[in-house]
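# Remarks on the overall topology
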Amino acid sequence: MKTQAKTRLKQDLSLYYVAGTMNCCSPKDFYRILVQAIQGGITTFQFREKGVNCLSGQKQLEMAKRAKEVCHKHDVLFIVNDDLDLMKAVDADGLHVGQTDGNLAYIRRQTEGKLLGVSAHTLAEAKDAIVHGADYIGAGPIYQTSTKPDAKKPVGVDLIAEIRSNQVNIPLVGIGGITLQNASEVIKAGVDGVAVISEISGAVDPSSVSSNLLFVIQTAKRDV
Ligand code: TZP
Ligand code: MG
């Protein structure tokens with residue numbers, strides 16, 4: 001990735017909201033919360049429709065299309081979690097995969113011209129993702145999270161410092177248990193952005209939580 005595109009991506013990943021309808025009370029709430037999060041200033045959205053009570057088939061496709069439309073109307077990047085076919089069907093901006101979601105070399109070929117994000121739990125996984133051409137890394141879980149039932153043990157901000165001290169200059173986001181209270185610490189450890197599910201999807205006022213998070217992130221970035 002060219003330096004200018006990398007700088008732009010680092011900016012675009014600043015406040016990365018991840019959600020599916022099952023993280024909200026209903027599909028209707030999912031869409032309302034997404035719109036409010038956009039109003040509050042999220043910069044990237046990942047459609048992660050998986051687990052108990054998730055939408056499938058045509059309903060999932062329609063929701064993904066609606067979500068992409070509202071994201072693009074407001075210049076928010078739209079990324080699809082795991083599902084290559086869905087990413088292609090909605091012509092998303094990119095795909096995000098975990099360590100067990102398939103062969104990275106194959107996935108990179110299939111996502112040519114799109115962004116590819118890869119989750120990493122260790123420095124070795126981050127390096128492997130870079131070798132395979134990932135555009136950005138999602139590092140975590142940083143803190144304890146109850147949103148992802150199969151989440152690994154929290155790695156803390158040490159993982160971020162470790163990745164950065166190995167001269168890994170790839171766009172990097174932290175994920176897992178990130179809140180308004182700890183977002184600044186995560187940014188100061190060296191990430192370009194923070195990814196959250198419950199802090200926004202469970203908020204009484206998703207718009208103000210999003211704008212407060214963005215403020216904390218931008219302030220912390222200036223202090224790094
Ligand atoms: N990957 C690692 S932790 C996590 C994912 C998808 C869940 C993050 O959710 P929350 O509610 O922000 O802790
Ligand atoms: Mg996955």
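Residues numbered from 1 in each chain as written. Chains lettered and ligands numbered in written order. Predicted model: local features only at pLDDT ≥ 70, side-chain atom pairs only at ≥ 80, totals over all residues.

For the record, the criterion: UniProt positions are given in the numbering used here, feature names are shortened, and annotations may be inferred rather than shown by experiment.
The protein is annotated in an unreviewed UniProt entry as Thiamine-phosphate synthase from Fictibacillus norfolkensis. Per its UniProt entry, the protein bears the Function (unreviewed entry) comment "Condenses 4-methyl-5-(beta-hydroxyethyl)thiazole monophosphate (THZ-P) and 2-methyl-4-amino-5-hydroxymethyl pyrimidine pyrophosphate (HMP-PP) to form thiamine monophosphate (TMP)." The heading Sequence similarities (unreviewed entry) in the UniProt record of the protein holds the text "Belongs to the thiamine-phosphate synthase family."

## Brief notes about the site of ligand 1
Going by this rule: The criterion for a residue being near a molecule or strand is a backbone-placed C-beta atom within 6 Å of that molecule or strand. Under this grouping Gly is polar, as are all residues other than the nonpolar Ala, Val, Leu, Ile, Met, Phe, Trp, Tyr, Cys and Pro and the charged Asp, Glu, Lys and Arg.
Lining the immediate surroundings of ligand 1 are 15 residues, of which T145, T147, G176, I197 and S198 lie closest. In terms of residue class, the shell around ligand 1 is made up of seven nonpolar, six polar and two charged.

## Some remarks on the UniProt feature "domain: Thiamine phosphate synthase/TenI" (unreviewed entry) in the protein
Quick reminder of the rule: To qualify as a helix, a DSSP run of H or I must reach at least 4 residues; to qualify as a strand, a run of E must reach at least 2; elements of each kind are numbered from the N terminus.
Taking the numbering used here, the UniProt-annotated feature "domain: Thiamine phosphate synthase/TenI" (unreviewed entry) corresponds to residues 15-200. For residues 15-200, the end-to-end C-alpha separation is 11 Å, with 38% helix and 19% strand making up the annotated structure.

## Considering the nonpolar core
Operational definition: Here, a nonpolar core means buried Ala, Val, Leu, Ile, Met, Phe, Trp, Tyr and Cys residues linked by C-beta atoms lying within 7 Å of one another. Our exposure labels follow a C-beta count within 10 Å of each residue's own C-beta, placed from the backbone: buried means 20 or more other C-beta atoms, exposed means 12 or fewer, and partly exposed covers the counts in between. C-beta atoms are first placed from the backbone for all residues, and any pair lying within 7 Å is then listed as a contact.
Counting 63 residues, the largest nonpolar core has Y17, F45, I137, L172, V173 and V194 as the members making the most contacts within it. Not counting chain neighbours up to four residues away, the residues in contact with Y17 comprise A37, I42, F45, V196 and I200.

## Remarks on the pairing of strand β6 (residues 136-139)
This is how the line gets drawn: With its strands directed away from the observer, a crossover is right-handed exactly when the path from the first strand over the helix to the second travels clockwise. For two strands to be treated as a pair, DSSP must find at least two bridges joining them.
Because side chains alternate across β6, one face comprises the buried residues Y136 and G138, and the other comprises I137 and A139, equally buried. The parallel pair strand β5 (residues 115-120) and β6 is bridged by helix α6 (residues 123-131), and the resulting crossover is right-handed. As judged from the three bridges shared by β6 and strand β7 (residues 172-175), these two strands associate in the parallel manner. Within the sheet, the bridge partner assigned to I137 lies in β7 and is L172. For the crossover that starts at β6, traverses helix α7 (residues 158-165) and ends in the parallel β7, the hand is right-handed.

## Overview of the sheet that holds β6
Quick note on the threshold: Lines fitted to the C-alpha atoms define the axes, with helices restricted to the stretch that makes contact. Angles between their N-to-C directions range from 0 to 180 degrees.
Read around the closed barrel, the eight strands follow the order β1-β2-β3-β4-β5-β6-β7-β8; overall the barrel is parallel. Between one strand and the next, the sheet's axes are offset by a mean angle of 25 degrees, whatever the strand orientation. Where helix α3 (residues 57-73) meets the sheet, its contacts fall on β2 (44-47) and β3 (77-81), and the angle it forms with β3 comes to roughly 155 degrees.

## Details of the environment of K10
Tracing the sequence through the fold places K10 in helix α1 (residues 3-12). Between the alpha carbons of K10 and V186 there is a distance of 15 Å; along the sequence they are 176 residues apart. Leave out the neighbours within four places in its chain, and K10 touches P171 and D192.

## Digging into the packing of helix α2 (residues 27-40) against helix α10 (residues 206-223)
Spelled out, the test is: Handedness of a crossing is defined here by the sense of rotation of the near helix relative to the far one, left-handed for an anticlockwise turn of less than a right angle and right-handed for a clockwise turn.
At a minimum axis distance of 7 Å, the contact between α2 and α10 shows a crossing angle of 35 degrees. Considering only the axes of α2 and α10, their crossing is right-handed. Taken together, the residues of α10 that come into contact with α2 (itself represented by I33, Q36, A37, Q39 and G40) are P206, S207, S208, V209, S210 and S211. Residue classes in the contact of α2 with α10 are distributed as four nonpolar, seven polar and no charged.

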